[in-house]
Amino acid sequence: MGDHRLPVVADVDVAVVGAGAAGVAAATVAAEAGLSVVVVEKYGFAGGAAVAGMSGTICGMYLASDSASRPERVVHGFTERFAGELTVRGGLTAPQRYGKTFTVAHDPLVWREVADDLMTAAGVRILYHTQVIDVLIEGDDYQGLVLASNAGVGVVRAARIIDASGDGAVVARAGGGYRFGDHGRIQNPTMFFRLGNVDLHAFWSAWGPNTISPQWVSDAIEQARTAGLDLPRNKIWIFDTTRPGELLVNATRLTAPDGRMLNVIDPADFTIAEVEGRRQVRAYARFLAENVPGCGHAFVVDTGVEAGIRQTRTVDCIETLRDGDVVDGAKRDDSICRSPWPIELHDGEKPKLHWLLDDYYDVPYGALVPQRGENIIVAGRCLSAEHQALASARVTAQCFEYGHAAAVATALSLDRGTAYRDLDPAGIQARMIASGSALRTPQRQDVP
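The protein chain goes by FAD dependent oxidoreductase in an unreviewed UniProt entry, where it is assigned to Mycolicibacterium smegmatis.

Engineer: Sorry, what's going on with the nonpolar core here?
Structural biologist: One recurring pattern in soluble globular proteins: nonpolar side chains tend to sit buried together. Counting residues in each nonpolar core, the largest one holds 106 residues, and the members touching the most others are F82, W111, I336 and Y402. When residues in this core are grouped by element, the largest group, eleven residues, is from helix α10 (residues 396-416). If sequence neighbours within four positions are ignored, W111 has contacts with A19, G20, A21, V24, A46, G47, A50, V51, F82, L86, H106 and F400. Grouped together as the second largest cluster of nonpolar side chains are 36 residues, V198, L231, L247 and Y284 included.

Engineer: Can you help me understand unusual backbone geometry in this one?
Structural biologist: Negative phi values dominate among residues other than glycine, just as trans dominates among peptide bonds. Residues other than glycine seldom take positive phi values, yet M54 does so here, at roughly 50°. By the element assignment, M54 lies in the loop between β2 (37-40) and β3 (57-58). The backbone of N197 sits at a positive phi, close to 60°, despite the residue not being glycine. As for its placement among the helices and strands, N197 is situated in the loop between β11 (193-196) and α5 (200-207).

Engineer: Looking at this structure, I do not really get the packing of aromatic side chains. What am I missing?
Structural biologist: When we look at a pair of aromatic rings, we describe it by the centre distance and by the angle of the planes. Scanning all chains against the criterion turns up 13 aromatic pairs. For the pair F78 and F400, a centre-to-centre distance of 5.9 Å together with 45° between the ring planes defines the contact as tilted. Taken together, the residues F78 in helix α2 (residues 77-88) and F400 in helix α10 connect sequence positions 322 residues apart. Residues F78 and F400 agree in their burial class; the two are buried. A ring pair is formed by Y98 and W341, whose centres lie 5.1 Å apart and whose planes are at 20°; its orientation type is stacked. Here W341 lies in the loop between β16 (335-339) and β17 (343-345) and Y98 lies in strand β4 (residues 96-98), a separation of 243 residues in the sequence. Ring pairs connect the aromatic residues Y98, W237, F239, W341 and W355, which therefore count as one cluster. The positively charged end of R112 is found above the aromatic ring belonging to F45, 5.1 Å away from the centroid. One cation-aromatic arrangement involves R233 over W237; the distance from NZ or CZ to the ring centre is 5.0 Å.

Engineer: Is there a simple way to think about the sheet that holds β4 in this case?
Structural biologist: What the three strands build is an open sheet, ordered β3-β5-β4; its pairing is antiparallel. Sheet topology places β3 and β4 at the edges, where each strand pairs with a single neighbour.

Engineer: Honestly, the side chain of E274 in this entry has me stumped. Any pointers?
Structural biologist: Mapped onto the elements, E274 comes out in helix α7 (residues 267-291). For the buried E274, which has no salt bridge, the nearest side chain bearing the opposite charge is R278, at an N-O separation of 4.1 Å. Not counting chain neighbours up to four residues away, the residues in contact with E274 comprise M191, V305, E306 and A307.

Engineer: Is there a simple way to explain the pattern of salt bridges in this structure?
Structural biologist: Pairs can form between side chains of opposite charge whenever their charged atoms are close. Taken as a whole and judged by the stated rule, the model has 26 salt bridges. For the salt bridge of E344 with R394, the shortest nitrogen-to-oxygen distance reads 3.5 Å. Of this pair, E344 sits in strand β17 while R394 sits in the loop between α9 (387-393) and α10, placing them 50 residues apart in sequence. By relative accessible area, R394 is classed as buried at 14%. Two residues, E374 and R421, come together in a salt bridge whose shortest N-O distance is 3.0 Å. Of the two residues, E374 is situated in the loop between β19 (361-364) and β20 (376-378) and R421 in the loop between α10 and α11 (425-434); the sequence distance between them amounts to 47 residues. What makes R421 partly exposed here is its relative accessible area of 27%. Counted as one network, the salt bridges with shared partners bring together D107, R194, R243, E246 and D302.

Engineer: Is there a simple way to think about the UniProt feature "transmembrane region" (unreviewed entry) in the protein chain in this case?
Structural biologist: Per the UniProt record, "transmembrane region" (unreviewed entry) is annotated on residues 12-31 and 43-64. Structurally, residues 12-31 comprises 55% helix and 30% strand, and the distance from its first C-alpha atom to its last is 11 Å. Strand forms 9% of residues 43-64 and helix 0%; the C-alpha atoms that close the span are 34 Å apart.

Engineer: It is not clear to me how the sheet that holds strand β12 (residues 237-240) should be interpreted in this structure. Could you clarify?
Structural biologist: Picture the strands of a sheet paired through backbone hydrogen bonds; they go either parallel or antiparallel. Ordered in space as β12-β13-β11-β14, the four strands form an open sheet in which the pairing is antiparallel. For this open sheet the edge positions go to β12 and β14 (299-303), each flanked by a neighbour on one side alone. Along the sheet, successive strands turn relative to each other by an average axial angle of 30°, direction set aside. Pairing of β12 with strand β13 (residues 247-250) involves four bridges; the strand directions are antiparallel. Looking at the pairing, F239 lines up with L248 of β13. Against the sheet, α5 touches β12 and β13, its axis set at about 135° to β12. Most of the contacts of α7 go to β11, to which it runs at about 35°, and overall it touches β11, β12, β13 and β14.

Engineer: Any chance you could explain α10 here in plain terms?
Structural biologist: Since the α-helix packs 3.6 residues into each turn, any two residues three or four apart lie on the same face. Taking 1.5 Å per residue, 21 residues should reach 30 Å; α10 reaches 30 Å between its end C-alpha atoms and fits that length. Buried residues dominate α10, accounting for 18 of its 21 residues. Among the residues trailing α10, G417 stands out with phi positive, at a value near 65°.

Cut-off values and rules
- Residues numbered from 1 in each chain as written.
- Predicted model: local features only at pLDDT ≥ 70, side-chain atom pairs only at ≥ 80, totals over all residues.
- Heavy atoms only, no water.
- Core = buried A, V, L, I, M, F, W, Y, C linked by side-chain atoms within 4.5 Å.
- Buried < 20%, exposed > 50% of the residue type's maximum accessible area, 1.4 Å probe, protein only.
- Helix = DSSP H or I, 4+ residues; strand = E, 2+ residues; numbered from the N terminus.
- Contact = heavy atoms within 4.5 Å.
- Phe/Tyr/Trp six-rings, centres within 6.5 Å; stacked < 30°, edge-to-face > 60°.
- Lys NZ or Arg CZ within 6 Å of the ring centre and 35° of its normal.
- Pairing = 2+ DSSP bridges.
- Lys, Arg positive; Asp, Glu negative; His and termini not counted.
- Salt bridge = Lys/Arg side-chain N within 4 Å of Asp/Glu carboxyl O.
- UniProt positions renumbered as here; feature names shortened; annotations may be inferred.
- Axes fitted to C-alpha atoms, helices over the stretch in contact; angles between N-to-C directions.
- Expected span 1.5 Å × (residues − 1).

Have a look at this one:
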């Protein structure tokens, strides 16, 4: 689309769309590289699915193992930096056992504050309460964005755009290629909630050391369902939070009344997810109060601002992370991120977990570079991955590093006047390693 003859809100090196984990990392790293950066976010705060969706954990940092008694971290870089800032402010728990691996839970308010401070200190111009409604594009060259807010409609001109929307929103609005999961089948959304006034000693003594529910809980859910309570998931996950007497609960499974999959790109489906999610939260809270020690006097503190979104659009990129890459723990010379997280697939009657024991796989740089379009790169859960591969690669620790990689690639692209697709991944890797990321040392230290 050409010149809208609208007021220019900003003229920058980089426009980042979305302030979730990938967007915050991308905006911060790009600004710290000396680039002028604007970040556009529809909510009045950063965090995306981690905060608005209250996913609440930083999954994907630690190896899985049948034998490990302590967590072994294999993802560092911006992920570790952000987790460290949360820890300093009392906003992150110690590692908690999740099946065969570990995860940590964060305080959603502290997450927002850390993001605000990092981006502000780096010199990012933050535009909260603002949405992208169109894209400026000439031929295949992305040139900017059309934004809407309560102030009206305006234009941001940008030499480079990082689509960290999670939904591939910029690419989709510009007519770029994308798909939905496995021939349209995508993962179910969920509604997280926080449960307060819990006797944590009694709860964990009964629940056991793992955040994934023990068999007796699944059996009790089945009995409660038979008695008429609407509890679609037998296997549920509960985490400690940083607050006394509080738990974070991942229990719901959201589908349409007729059982069909919900695609929350459609606002009608999104609305069903929100309404059904809040209803299921009450049902699971009642179940916990009636069946699980320590929860008898508990109450629902709140739910996510929106249903937790696991998957929508997957952008067609020049490389694709394959299901087999994940299962086989594939190592690549063009890697920009490691992932040890299991395939955690939520697209049926119960979650499916495939563990990567004592191993990880590499995510290729090309999975962030759209097949069509110049001056655009994606970061976050909309990267190019097959259905089951995405069920592993979409989690928060990896999204931080995708944003890190996208920012480094952007700086190199602008420094050299080189298209994203023509960059040597070794140069990106070298800069990421210098910033603390855990990657194999590239064979060519391509540092300008």
